[in-house]
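# Structural overview for review
Each chain, written out:
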Amino acid sequence: MRCHGMVTKFVGPGFAQVAERYQGDATAAARLREKIMQGSVGTWGNVIMPRQPQVSAAEASALADWVLAQTPGR
Ligand code: HEM
């Protein structure tokens, strides 16, 4: 939460913004799970999201579902 607000962008996008971007995209959960574990850059800008080696695949799935369950863009 130092990097992501629930709504607003800090270092990374707000989780509500992520939910809004992937609304209706059935493939998003699987892609976000990988990005949570492996890190990401270039989708929201050129700031890098670092890998999260402490997060297991099961936890990354739960986190991806939780992010996508946020109320989009509130
Ligand atoms: C387990 C903890 C974390 C979770 C669940 C998480 C989740 C996410 C998600 C779902 C995205 C959107 C990816 C996309 O739309 O393709 C994202 C992007 C991003 N996150 Fe995180 N994040 C975590 C930790 C962090 C940390 C610690 C930082 C900062 C050091 C960070 C910085 C960013 C940045 C800069 C982006 C944009 C990357 C891009 O443009 O592709 N995240 N994160």
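Shown above is the structure to which this text applies.
Right, let's walk through the structure included here. (Residues numbered from 1 in each chain as written. Predicted model: local features only at pLDDT ≥ 70, side-chain atom pairs only at ≥ 80, totals over all residues. Heavy atoms only, no water.)

The next thing to look at is the site of the ligand. Taken together, 23 residues lie around the ligand, and Cys3, His4, Lys35, Trp44 and Met49 are the ones closest in. Threonine 43 places a main-chain nitrogen or oxygen 3.0 Å from an oxygen atom of the ligand. The separation between an oxygen atom of the ligand and a polar main-chain atom of glycine 45 is 3.4 Å. With respect to the pocket detection grid, the ligand is positioned in the largest pocket. Per-element accounting of the shell around the ligand gives the leading share, three residues, to helix α2 (residues 28–38). Residues that form the shell around the ligand fall into these classes: 15 nonpolar, seven polar and one charged. (Near = heavy atom within 4 Å. Polar contact = N/O pair within 3.5 Å; in protein donor to acceptor, adjacent residues only side chain to side chain. 1 Å grid on protein atoms, 1.4 Å probe; cavity = no way out; pocket = protein on both sides within 12 Å on 5 of 7 lines; lining within 4 Å. Sits in = over half its atoms within 2 Å of the grid points. Helix = DSSP H or I, 4+ residues; strand = E, 2+ residues; numbered from the N terminus. Nonpolar A, V, L, I, M, F, W, Y, C, P; charged D, E, K, R; others polar.)

Take a nonpolar patch on the surface next. Side chains of Met1, Leu63 and Trp66 sit close together on the surface and give an oily, nonpolar patch of about 310 Å² of accessible area. Residue position: methionine 1 is located in the segment before α1 (15–21). (Patch = residues over 30% accessible without salt bridge, like charges linked within 9 Å, V, L, I, M, F, W, Y side chains within 5 Å. Areas by Shrake-Rupley, 256 points an atom, 1.4 Å probe, with all protein chains shown as cover. Salt bridge = Lys/Arg side-chain N within 4 Å of Asp/Glu carboxyl O.)

Take it as geometry only, folks, not as evidence of what the structure does.
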